Amino acid sequence: MANCIVRDWQGKEAGNASLDLKVAKETSALDLMHRAVLRQQAHSRQGTASTLTRSEVRGGGRKPYKQKGTGRARQGSVRTPLRPGGGIIFGPKPRSYNLAMNRKERRSALRTALMARIEDLVVVKDFATTLTTPKTKEIIDALGRLDVSATSKVLIILTNPSEAVRRSIRNLETVKLIAADQLNVFDLLHANKLVVGEDALAKIQEVYGDD
């Protein structure tokens with residue numbers, strides 16, 4: 001179990017909160033998180049690259065010149081891979097890059113990644129409801145009051161972010177907003193700081209607490 005200090009919108013202490021998630025064994029934690037990140041990155045690849053082989057390139061049905069007597073190398077088609085415009089040898093074809101990882105491993109990797117970042121976790125009270133109108137400067141100022149640099153990579157985790165919060169954050173290149181029930185290992189490990197709403201912390205415990 002990890003205890004966290006809850007801060008208000010002004011950056012002052014407003015209580016305490018706890019997070020208790022079951023993590024992987026120390027001997028297998030790094031491997032589990034590594035495989036989870038590889039799987040996530042692999043699934044983001046489209047796998048649509050495609051090239052034409054010699055048999056698929058249009059044309060080249062006629063022998064370009066006679067077999068003997070020219071002093072040149074034998075050629076049976078202008079679409080040979082040895083000539084410009086010819087087919088591609090061992091070129092890419094559409095394929096799936098998906099990697100297998102069972103649900104229990106995925107959830108264990110996510111819980112382990114989150115608990116590994118507990119020192120970089122900042123819990124904020126009423127984050128999602130304090131901002132009523134879209135204003136990016138308010139988010140920057142709030143992060144400053146929470147001792148979070150606006151230039152660092154920040155992951156903000158909320159339960160039900162309002163439209164005002166979404167529109168305020170979307171202009172910040174280094175700040176990413178994500179729902180509490182849609183966490184992923186890559187974003188948790190990639191961010192320098194995690195800013196979590198108090199209700200989002202309870203949601204995380206509810207969704208990911210049980211195996």
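Points about the packing of helix H2 (residues 103–116) against helix H7 (residues 198–208)
And step 1. One way to put it is that H2 packs onto H7 with a least axis distance of 11 Å and a crossing angle of 150 degrees. Here H7 runs roughly antiparallel to H2, going by the angle between their axes. In this structure, the crossing between H2 and H7 has a hand that is left-handed. Of H7, the residues touching H2 (which contributes Arg107, Leu110, Arg111 and Leu114) are Ile204, Val207 and Tyr208.
And step 2. Of the residues assigned to the contact of H2 with H7, the class counts are five nonpolar, no polar and two charged.

Examining H7
And step 1. All of the buried residues along H7 are Ala200, Leu201, Ile204 and Tyr208. Viewed along the axis of H7, the buried residues span an arc of 105 degrees, placing them on a single side of the element.

Let's talk about the packing of helix H1 (residues 26–43) against H2
And step 1. The geometry of H1 relative to H2 is characterised by a closest axis approach of 9 Å and an angle of 110 degrees between their N-to-C directions. Taken together, H1 and H2 sit at an angle that is classed as roughly perpendicular. Between H1 and H2, the contacting residues are Ala29, Leu32, Met33, Arg35, Ala36 and Arg39 on the first element and Glu105, Arg106, Ser108, Ala109, Thr112 and Ala113 on the second.
And step 2. The residue makeup of the contact of H1 with H2, split by class, is six nonpolar, two polar and four charged.

What counts and what doesn't
- Residues numbered from 1 in each chain as written.
- Predicted model: local features only at pLDDT ≥ 70, side-chain atom pairs only at ≥ 80, totals over all residues.
- Heavy atoms only, no water.
- Axes fitted to C-alpha atoms, helices over the stretch in contact; angles between N-to-C directions.
- Helix = DSSP H or I, 4+ residues; strand = E, 2+ residues; numbered from the N terminus.
- Parallel < 35°, antiparallel > 145°, perpendicular 65-115°, else oblique.
- Left-handed = near helix turned anticlockwise from the far one by under 90°.
- Contact = heavy atoms within 4.5 Å.
- Nonpolar A, V, L, I, M, F, W, Y, C, P; charged D, E, K, R; others polar.
- Buried < 20%, exposed > 50% of the residue type's maximum accessible area, 1.4 Å probe, protein only.
- Arc of directions from axis to C-beta.

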